[in-house]
Amino acid sequence: METSRRTVIAAAAAAGLTAATIGTAHAAGGSKPVRELFGRLADGTKIHRWSLANGGTRLKVLSYGGIVQSLEIPDRHGRYRNVSLGFDNIDDYVAKTPYFGALIGRYGNRIGKGQFTLDGTSHQLSVNDGVNSLHGGAKGFDKRVWDVEGFASGSDVGLVLHYTSIDGEMGYPGTLRAKVTYTLTRHGDWRIDYEATTDKATVVNLTSHVYWNLAGEGSGSIYDHELEIAASRYTPVDSGLIPTGELAKVAGTPFDFRRTKTVGRDIRVAHQQLLYGKGIDHNWVLDKGITAKPEHVATLRDPSSGRTLTIASNEPGLQFYSGNFLDGTLVGTGGHIYRQGDALCLETQHFPDSPNHPSFPSTVLRPGQTYRTSTVHSFGV
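Residues numbered from 1 in each chain as written. Predicted model: local features only at pLDDT ≥ 70, side-chain atom pairs only at ≥ 80, totals over all residues. Heavy atoms only, no water.

A. Examining the pairing of strand β21 (residues 281-286) more closely. Within β21, six of the six residues are buried, which leaves it mostly tucked inside the rest of the structure. The two faces of β21 match: D281, N283 and V285 on one face and H282, W284 and L286 on the other face are all buried. As judged from the four bridges shared by strand β18 (residues 231-235) and β21, these two strands associate in the antiparallel manner. Residue pairing across strands places T235 opposite N283, the latter belonging to β21. Relative to strand β24 (residues 317-321), β21 runs antiparallel, the two being bridged by five bridges. Looking across to β24, one finds that W284 is bridged to L318. (Buried < 20%, exposed > 50% of the residue type's maximum accessible area, 1.4 Å probe, protein only. Helix = DSSP H or I, 4+ residues; strand = E, 2+ residues; numbered from the N terminus. Pairing = 2+ DSSP bridges.)

So this is what it looks like as structure tokens:
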């Protein structure tokens, strides 16, 4: 049975942890987030880290890439661990990161051959994943410095991040003005609200690329984590991990997470799609489709700690990536080496390569329209 966040906080308090240590904020609301210098880029640009806490969740965010540098939540005994992968310095984020914790744009995931046609005009994007464009190109939103403001509003605390992507940046048409709001609620939920406007027709698909390990960053494999995804279909890919256009049934395949099962149960099954991805790196077609408000899409649980993550979104897709390309060359915030399968990503999104698949939900944004999506991460034990 899932224990309420309030019960865990009470247990932590009984163990001698103060409210400030726990990071709670009840009816009075949380205090405004605190900013500190995290480092500097090679050109001297200052990168700040913002720290905020509310409802038993602690979050640290960088102005570089909107990166979630750490996210701490308690286990069933009230003990806190950082459950997201990352680095303890800006140099590693610039030189080495595989999108740890980053805001992704203009387009999350892949666009085949970095090309698409919109209103009869062909566009060539920055190519950075073989012949394909991945996560917005060589210098996507994850590698940009965002303007950040902290806020405390009622019982919520959070950050508002702004970035303007100029016409032609990474090959994308139109000047795109992006606004992303990170909110920690009094219940400890982490909500992301994405908005964008453009002055020319363009495509946009924003997401967050947190690498989750609910046992704690650097604790080892997530193959024993239990996962459920509310999806009966997924989008198979070719050898370059570009969707073929098929919406295939998950029934009878390693991609069936309609009922909770461990991440590792079928991950080494001899299935061509797993061979292409060196594990799981696929988009699930959510049964709920596009919705007006965030609805449940996935639940992740770590049996050892009892920590759970429940995700709700209004997006039609979810990219599940099982950390296949972590290769033992990166050292994380806790001083541990990250290896294959040491974390997973659950990225709410529209489908990869949608601009080249008219049957997929459209990612086109036009002048006068506002792109809006929301995702809520709820934590418990």
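B. Summary view of empty space enclosed by the protein. This structure, assessed with the given rule, holds four cavities of 30 Å³ or more. For the largest cavity, the calculated volume is near 70 Å³. If you go around the largest cavity, the residues you meet are W190, I192, Y194, T207, S208, V210, W212, L346, E347, T348, T375 and H377. Residue assignment for the lining of the largest cavity shows that the elements contributing at least two residues are β14 (190-198), β16 (207-209), β27 (345-349) and β29 (371-380). In terms of residue class, the lining of the largest cavity is built from six nonpolar, five polar and one charged. Counted as a void, the second largest cavity has a volume near 40 Å³. (1 Å grid on protein atoms, 1.4 Å probe; cavity = no way out; pocket = protein on both sides within 12 Å on 5 of 7 lines; lining within 4 Å. Points joined across faces, edges and corners; volume = space filled by probe spheres on them. Nonpolar A, V, L, I, M, F, W, Y, C, P; charged D, E, K, R; others polar.)

C. Layout of the side chain of N82. For N82, the position within the fold is in strand β5 (residues 80-82). Polar contacts involving the side chain of N82 include one to the main-chain amide nitrogen of L71, which spans 3.0 Å. Among the polar contacts made by the side chain of N82, one reaches the main-chain amide nitrogen of S84 at a distance of 3.1 Å. What N82 contacts, discounting residues up to four positions off in sequence, is Q69, S70, L71, E72, G216, E217 and T333. (Polar contact = N/O pair within 3.5 Å; in protein donor to acceptor, adjacent residues only side chain to side chain. Contact = heavy atoms within 4.5 Å.)

D. Just the pattern of salt bridges, in detail. One pass over the full model with this rule turns up 15 salt bridges. For D75, the salt bridge identified is with R79, shortest N-O distance 3.1 Å. When salt bridges that share partners are traced, they join R110, D129 and D281 into one network. (Salt bridge = Lys/Arg side-chain N within 4 Å of Asp/Glu carboxyl O.)

E. Quick look at the nonpolar core. Formed by 58 residues in total, the largest nonpolar core has its most connected members in Y182, W190, W212, I229, W284 and F320. Looking at this core element by element, the count peaks at five residues for strand β13 (residues 176-184). Filtering out sequence-adjacent residues up to four positions away, F320 remains in contact with L227, I229, F257, V263, I280, D281, H282, W284, L344, C345 and L346. (Core = buried A, V, L, I, M, F, W, Y, C linked by side-chain atoms within 4.5 Å.)

F. Main features of the sheet that holds strand β2 (residues 46-54). With antiparallel pairing, five strands are arranged side by side in an open sheet as β1-β2-β3-β4-β5. Two strands lie at the open edges of the sheet, namely β1 (34-40) and β5, each paired on one side alone. With strand direction ignored, the average angle separating the axes of adjacent strands in the sheet is 20°. Of the strand pairs in this sheet, strand β4 (residues 68-74) and β5 are connected by three bridges, and their pairing is antiparallel. Bridge pairing links P74 to Y80 in β5. (Axes fitted to C-alpha atoms, helices over the stretch in contact; angles between N-to-C directions.)

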